[in-house]
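Next come the chains, spelled out residue by residue.
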Amino acid sequence: MSVLAIFSRLTKQAELMDAMMPKLGVEDEIWKLPDHAGVLRRAANRCLTCDSTDACQHWLSHEAEPDEAPSFCRNHDLFARVIRNADVDAQPAA
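Residues numbered from 1 in each chain as written. Predicted model: local features only at pLDDT ≥ 70, side-chain atom pairs only at ≥ 80, totals over all residues. Heavy atoms only, no water.

A few points about the environment of T49
Step number 1: Structurally, the position occupied by T49 is in the loop between α3 (36-48) and α4 (53-62).
Step number 2: Taking the C-alpha atoms as reference, T49 lies 8.9 Å from Q13; in sequence the two are 36 residues apart.
Step number 3: Not counting residues within four places of it along the chain, the set of residues in contact with T49 comprises R9 and R74. (Helix = DSSP H or I, 4+ residues; strand = E, 2+ residues; numbered from the N terminus. Contact = heavy atoms within 4.5 Å.)

Examining the nonpolar core
Step number 1: Ranked by size, the top nonpolar core spans 20 residues in total, and within it M20, M21, L24, V26, I30 and F79 carry the most contacts.
Step number 2: When residues of this core are traced back to their parent elements, those giving at least two are α1 (3-24), α3, α4 and α5 (76-90).
Step number 3: The leading source of residues in this core is α1, at 5 residues.
Step number 4: In this structure, M21 is in contact with V26, E27, I30, L40 and F79, ignoring residues within four places of it in sequence. (Core = buried A, V, L, I, M, F, W, Y, C linked by side-chain atoms within 4.5 Å. Buried < 20%, exposed > 50% of the residue type's maximum accessible area, 1.4 Å probe, protein only.)

Things to note about α1
Side chains three or four residues apart in an α-helix point the same way, a direct result of the helix having 3.6 residues per turn.
Step number 1: With 22 residues, α1 should reach 32 Å at 1.5 Å per residue; the first-to-last C-alpha distance of 32 Å fits that figure.
Step number 2: All of the buried residues in α1 are Q13, L16, M17, M20, M21 and L24. Taken around the axis of α1, the buried residues stretch over an arc of 130°, which confines them to a single face. Exposed residues on α1 whose side chains face more than 90 degrees from its buried face are V3, L4, F7, E15 and D18.
Step number 3: Once α1 ends, the next one or two residues include G25, with phi positive near 75°. (Expected span 1.5 Å × (residues − 1). Arc of directions from axis to C-beta.)

See below:
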């Protein structure tokens with residue numbers, strides 16, 4: 001794989017992750033995490049090693065207001081935890 005191909009893949013994967021987080025509403029919530037830099041670094045690494053780029057791009061372009069990431073997403077569990085935590089934090093105190 002050429003250096004240009006590697007950079008092209010890195011750019012495409014980064015763009016997909018940048019599109020996925022706001023679509024799921026987790027972008028601001030991830031930044032609130034104590035180790036958000038580490039969380040984002042590990043999420044980016046999982047995204048970079050994903051082989052479902054075309055499926056991800058298709059999903060992003062066809063899902064308007066998803067409740068969760070697609071099952072093939074390597075960050076599905078992370079995003080689900082962030083969404084759950086945000087929902088719990090949004091609940092009024094009893």
